[in-house]
Amino acid sequence: MAMSYKAQQDNVGLIRKIRRGINGLGRKCHCCICGKRFMRFSTYRGGWDAVSSYLKQLDWTGSDFDHFWCPFCRSHDRERHLKLYFDALNFWDKFKGATVLHIAPEKHIALCIESCQPKRYLKGDIVPAREGVEVMDVTAIPEADNTFDFVLCNHVLEHVPDDRKALSEIFRVLKPGGVAILQTPYAPELRYTRERDPSISTEAQRLEFYGQEDHIRLYGIDLLDRILESGFDLQLKKHSAVLPEVDSAVAGVNSAEPLFVARKH
Ligand SMILES: [Zn+2]
């Protein structure tokens, strides 16, 4: 007799619980979001081995596919890396009493920011997936000039057709002296951003050359120029400089990913 959908889900949940229980017997890895220790983080879609040779040869830098999900809180590597960078740079103190705009907000980072009691914390997404997130197009932010002390826009630009407009909008709504965090996957060994390539049209091709089916470009090192051209002063803070004691496999983060700190003067 065929198993009901509910029974199948119960089985999946049970298997996941057993796996997590066994994983929790280990102590090697540590999640900075939930504080749990365990044997290993979960991989993302087959891990780094499954990434195309084209992207590998360009040193494509983004998520850590080998140490992606925390088995307990389901935080992903990008959230953990931001948490560690913000811890080390005392960002949390700066959010207290500040005005903050968070585009496509990461769940765990959003909770951390809320706990800092910002004066105003606006969350927006083109297609909100959670309650409390407003419908917002990053290329037409419905806010006045010079409104925010901080804008967080992480792993968004690679999805946005007019990313220059998005950058100019973020710049516009930031107060002078305000800071934008602009984490974005990019290929340091690629001189010019690859986009609008007519030979890359299928999902399989976008996965191979852009890194994900819904990415519409592969940023090269000229990503930095693109941010600077929008008016920002840009600092790339390296993991090795800010987090020299943090082992990427233990913390489940990609140590090749710098923190993009863009400031409006
Ligand atoms: Zn966790």
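Right, let's walk through the structure included here. (Residues numbered from 1 in each chain as written. Predicted model: local features only at pLDDT ≥ 70, side-chain atom pairs only at ≥ 80, totals over all residues.)

Topic: the overall build of the protein chain
- If you tally the helices and strands in the protein chain, you get 10 helices and 11 strands.
- Against the globule reference of 18 Å for 265 residues, the protein chain gives a C-alpha radius of gyration of 19 Å, in line with a compact fold.
- For the protein chain, the spread of C-alpha atoms along the principal axes amounts to about 60 × 50 × 40 Å.
- Looking at the protein chain as a whole, 36% of its 265 residues qualify as buried. (Helix = DSSP H or I, 4+ residues; strand = E, 2+ residues; numbered from the N terminus. Rg over C-alpha atoms; globule rule 2.2 N^0.38 Å. Buried ≥ 20, exposed ≤ 12 C-beta atoms within 10 Å, placed from the backbone.)

As for the sheet that holds strand S4 (residues 120-125)
- Spatially, S5-S4-S3-S6-S7-S11-S10 is the arrangement adopted by the 7 strands of the open sheet, whose pairing is mixed. Sheet topology places strand S5 (134-135) and strand S10 (233-237) at the edges, where each strand pairs with a single neighbour.
- Looking at chain direction, S4 and S5 are connected through 2 bridges and run parallel. Residue pairing for S5: Gly 124 is matched across the bridge by Glu 134. (Pairing = 2+ DSSP bridges.)

What to know about helix H3 (residues 77-88)
- Taking 1.5 Å of rise per residue, 12 residues should cover 16 Å, and H3 covers 16 Å from first to last C-alpha, within 8% of that figure.
- The buried fraction of H3 is high, at 9 of 12 residues.
- Within H3 the residues assigned to the buried category are Asp 77, Arg 78, Glu 79, Arg 80, His 81, Leu 82, Lys 83, Tyr 85 and Phe 86.
- Immediately beyond the C-terminal end of H3, within one or two residues, lies Asn 90, with a positive phi of roughly 55 degrees. (Expected span 1.5 Å × (residues − 1).)

With respect to the environment of Asp 125
- Examined against the element boundaries, Asp 125 turns out to sit in strand S4.
- With 38 residues separating them in the primary sequence, Asp 125 and Asp 87 have C-alpha atoms 25 Å apart.
- Residues contacting Asp 125, with those up to four places away along its chain left out, are Ile 103, Ala 104, Val 133 and Met 136. (Contact = placed C-beta atoms within 7 Å.)

Quick word on the nonpolar core
- By size, the foremost hydrophobic cluster in this structure holds 45 residues, and its most contacted members are Val 100, Phe 150, Val 151, Cys 153, Ile 170, Ala 180 and Ala 187.
- Dropping the residues within four chain positions of it, Val 100 is found in contact with Phe 95, Ile 113, Pro 118, Tyr 121, Phe 148, Asp 149 and Phe 150.
- Of all hydrophobic cores here, the second largest spans 7 residues; its members include Cys 29, Cys 31, Phe 38 and Cys 70. (Core = buried A, V, L, I, M, F, W, Y, C linked by C-beta atoms within 7 Å.)

Brief notes about helix H6 (residues 163-173)
- Those residues of H6 lying buried are Asp 163, Ala 166, Leu 167, Glu 169, Ile 170 and Val 173. The buried side chains of H6 occupy one side of the element, clustering within an arc of 160 degrees when seen end-on.
- Buried positions along H6 lie against strand S3 (99-103), strand S6 (148-153), strand S7 (174-181) and helix H8 (223-229). (Arc of directions from axis to C-beta.)

Topic: the pairing of strand S11 (residues 259-263)
- Of the pairings in the sheet, the one linking S7 to S11 comprises 3 bridges and is antiparallel in character. Its bridge partner being in S11, Val 179 is matched across the sheet by Arg 263.
- Across 5 bridges, the pairing between S10 and S11 is antiparallel. Paired with Gln 235 across the two strands is Val 261, which belongs to S11.

Description of unusual backbone geometry
- Residues other than glycine seldom take positive phi values, yet Asn 146 does so here, at roughly 55 degrees.
- Mapped onto the fold, Asn 146 is located in the loop between S5 and S6.
- Judged by C-beta crowding, with 13 C-beta atoms within 10 Å, Asn 146 ranks as partly exposed.
- In the Ramachandran plot, Arg 196 falls in the positive-phi region, its phi being about 50 degrees despite a non-glycine side chain.
- Within the secondary structure, Arg 196 sits in the loop between strand S8 (194-195) and helix H7 (203-210).

A look at the packing of H3 against helix H5 (residues 107-115)
- Their axes nearest at 8 Å, the elements H3 and H5 cross at an angle of 30 degrees. Judged on the interaxial angle alone, H5 and H3 are roughly parallel. Taking contact as the criterion, the partners of Glu 79, Leu 82 and Lys 83 in H3 are, on H5, His 108, Ile 109 and Cys 112.
- Residues that form the contact of H3 with H5 fall into these classes: 3 nonpolar, 1 polar and 2 charged. (Axes fitted to C-alpha atoms, helices over the stretch in contact; angles between N-to-C directions. Parallel < 35°, antiparallel > 145°, perpendicular 65-115°, else oblique. Nonpolar A, V, L, I, M, F, W, Y, C, P; charged D, E, K, R; others polar.)

Looking at the environment of Asp 64
- Tracing the backbone through its elements, the reader meets Asp 64 in the loop between helix H2 (53-57) and H3.
- Take Asp 64: there are 26 C-beta atoms within 10 Å of it, and that puts it in the buried class.
- Along the backbone, Asp 64 and Ala 166 are 102 residues apart, and their C-alpha atoms lie at a distance of 25 Å.
- Residues in contact with Asp 64, not counting those within four places in the same chain, are Asp 77, Ser 248, Gly 252, Val 253 and Asn 254.

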